[in-house]
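Summary of the model geometry
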Amino acid sequence: MEFHHGTARWDFLAAPARVSRMLMMMILIQLLLLGFCVQSSSAAQSYNISDGEAMVAYRRFLLNNGVGRTPPMGWNSWNHFYCNIDEWTVKSTADALVATGLASLGYRYVNIDDCWAEGNRDGYGNLVARASTFPSGIKALADYVHSKGLKLGIYSDAGYTTCSKTMPGSLGHEEQDARTFASWGVDYLKYDNCYNDGARPQDRYLKMSQALLSSGRPIFYSICEWGDQNPAQWAARIGNAWRTTGDIKDTWDSMTSIADINNLWGRYAGPGRWNDPDMLEVGNGGMNIEEYRSHFSIWALMKAPLLIGCDIRSASRATLNIIGNKEVISVNQDPLGIPGRKIRSANGLEVWAGPLSARRIAVVLWNRSSSRALITAGWSEIGISLYTRVAVRDLWAVNINSRISGFIHLYVSRNQQFQLAAYVGPHACKMYIFTPL
């Protein structure tokens, strides 16, 4: 099964038997690459083998514990709060994830970004939570988050200090910090790239990966290298996700340019290893509703991590309806795990598509121009046999009175053939699932 930039080659809809064999081959290949699952956390500590084998063992360990099988979903503090973060904000955000129903849709990680620690380590060389903002400590905070059925994420840096320069990085302290994070009950590590010693990122990020393996706790490892050294080509041997781009901003131009860069690396991602075009800006106010809907749709299609970046506690109904769209989320979390990619682009009118399980295809018609326009997706360009009939479901056509978990999606057609065309507003998109009949 191939997906090429500029054109798609999927003939599984026209040849179900052949596709079933192809899918079985993909599964077998993935099992060979990932190996069979280890049975306990103690097994993750027992490997005394080469670096490459150790990293494969670590991925097995994580997948066996349910970590990284699909792109992570949750919340991160940075895009909205920057350094103005404290334990009350984290606790109340965890409460809001549950109260809004977002947690039940899969948003489980509550991730603290930069600025959570004191400026210096303690007398034993340990990182210490900042007393003024996290007086109860990270262990107590993790216990609270876990009591809600959620997971806690934390931040560090593969350098001497973090990007804010307010707290130490983990360079030279990888094993010690990994043990600390594990003892606190941390479930996710975002590992940044500021103020390092100039060593290759492959080496610096490997050290923390080995340290996490030795800690014995299944911790999702997110490599924030900013795409400088093309991490999509090497980071799957080290971590679970890697930034493909610089930091996102809450603007249309930033979001679209990042989508284009991330799109180039689609073939490297899959279960246990995900491209990360940075966190969501939906709800922060810099874009309009249609632009945010496009942002969320493309991130979901590309199988990007869905990490909310706004203040969930005060999020509007419009924001909750975007990040809470259950069927768009299902595209992102589809077990096949193949990122959708850009198929065609001309004059700001684009077709994006990607395969889903059960022989379905997700399609996005995206209008990046400044005026309403007709966009057409022909069956041949998205890999459907010309005479195949499909049911077309519109993932954004909903009952406007529906609440976050009560979307009513509409079928555009239950017997579509040859092509699909739709008028799309400026900076807006249409998103569909095509199901063969």
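Each remark here, short or long, concerns the structure printed above.
A brief structural summary. Since we're looking at a predicted model, the values are computed, not measured.

**Considerations on the sheet that holds strand 15 (residues 390-394)**
Across the sheet, six strands lie side by side as 11-12-13-18-15-16; this open sheet has antiparallel pairing. The sheet terminates laterally at strand 11 (341-346) and strand 16 (410-416), the two strands that pair on one side only. Adjacent strand axes in the sheet meet at a mean angle of 20° when their direction is disregarded. Relative to strand 18 (residues 429-436), strand 15 runs antiparallel, the two being bridged by five bridges. Following the sheet pairing, A391 is matched in strand 18 by T435. Contacting strand 11, strand 12 (349-355) and strand 13 (361-367), helix 8 (residues 252-263) crosses the sheet at an angle of about 140° to strand 13.

**Examining the packing of aromatic side chains**
Overall, the coordinates contain 15 aromatic pairs when judged by the stated rule. Pairing W116 with W184 gives two aromatic rings, centres 5.8 Å apart and planes at 85°, and the pair type is edge-to-face. Residue W116 is located in the loop between strand 4 (109-111) and helix 5 (137-147), and its partner W184 is located in helix 6 (residues 174-184); the two are separated by 68 residues in the primary sequence. Assigned by exposure class, W116 and W184 land together as buried. Aromatic pair W379 and F434: ring centres 5.3 Å apart, planes at 50°, arrangement tilted. One end of the pair, W379, is in the loop between strand 14 (373-378) and strand 15; the other, F434, is in strand 18, with 55 residues separating them in the sequence.

**Here's the deal with the packing of helix 6 against helix 7 (residues 201-215)**
Running from amino to carboxyl end, helix 6 crosses helix 7 at an angle of 45°, the nearest separation of the two axes being 8 Å. As the angle between them shows, helix 6 and helix 7 are arranged oblique. Crossing handedness for the pair helix 6 and helix 7: right-handed. Here helix 6 contributes E174, E175, A178 and A182 to the contact with helix 7, which in turn contributes K207, M208, A211, L212 and S215. Of the residues that constitute the contact of helix 6 with helix 7, the class distribution is five nonpolar, one polar and three charged.

Rules used in this analysis
- All chains use their own residue numbering, which begins from 1 and follows the written sequence.
- With the structure being a predicted model, the display of local features is reserved for residues of pLDDT at least 70 and the display and counting of side-chain atom pairs for 80 or more, all residues being used for whole-chain, interface and lining totals.
- Excluding hydrogens and water, the side-chain values take into account all heavy atoms of the structure.
- One bridge is not enough; two strands pair if DSSP finds at least two bridges between them.
- Only DSSP runs of H or I reaching four residues or more are called helices, and only runs of E reaching two or more are called strands; each is numbered from the N terminus.
- Orientation is described by lines fitted to C-alpha atoms, with helices fitted over the stretch in contact, and by angles between N-to-C directions that extend from 0 to 180 degrees.
- When checking whether two residues touch, look at their non-hydrogen atoms; a contact exists if any pair is within 4.5 Å.
- Pairing of aromatic side chains requires ring centres within 6.5 Å, counting the rings of Phe and Tyr and the six-membered ring of Trp. Pairs whose planes differ by under 30 degrees are stacked, by over 60 edge-to-face, and all others tilted.
- Buried, partly exposed and exposed residues are distinguished by accessible area as a fraction of the type maximum, computed with a 1.4 Å probe on protein chains only: under 20%, between the cut-offs, and over 50%, respectively.
- Each angle is binned into one of four classes, with values under 35 degrees roughly parallel, values over 145 roughly antiparallel, values of 65 to 115 roughly perpendicular, and all other values oblique.
- Put simply, a crossing is left-handed when the front helix is turned counterclockwise from the back one by less than a right angle, and right-handed when it is turned clockwise.
- Throughout this entry, Asp, Glu, Lys and Arg are counted as charged residues, while Ala, Val, Leu, Ile, Met, Phe, Trp, Tyr, Cys and Pro are counted as nonpolar. The remaining residues, Gly among them, count as polar.

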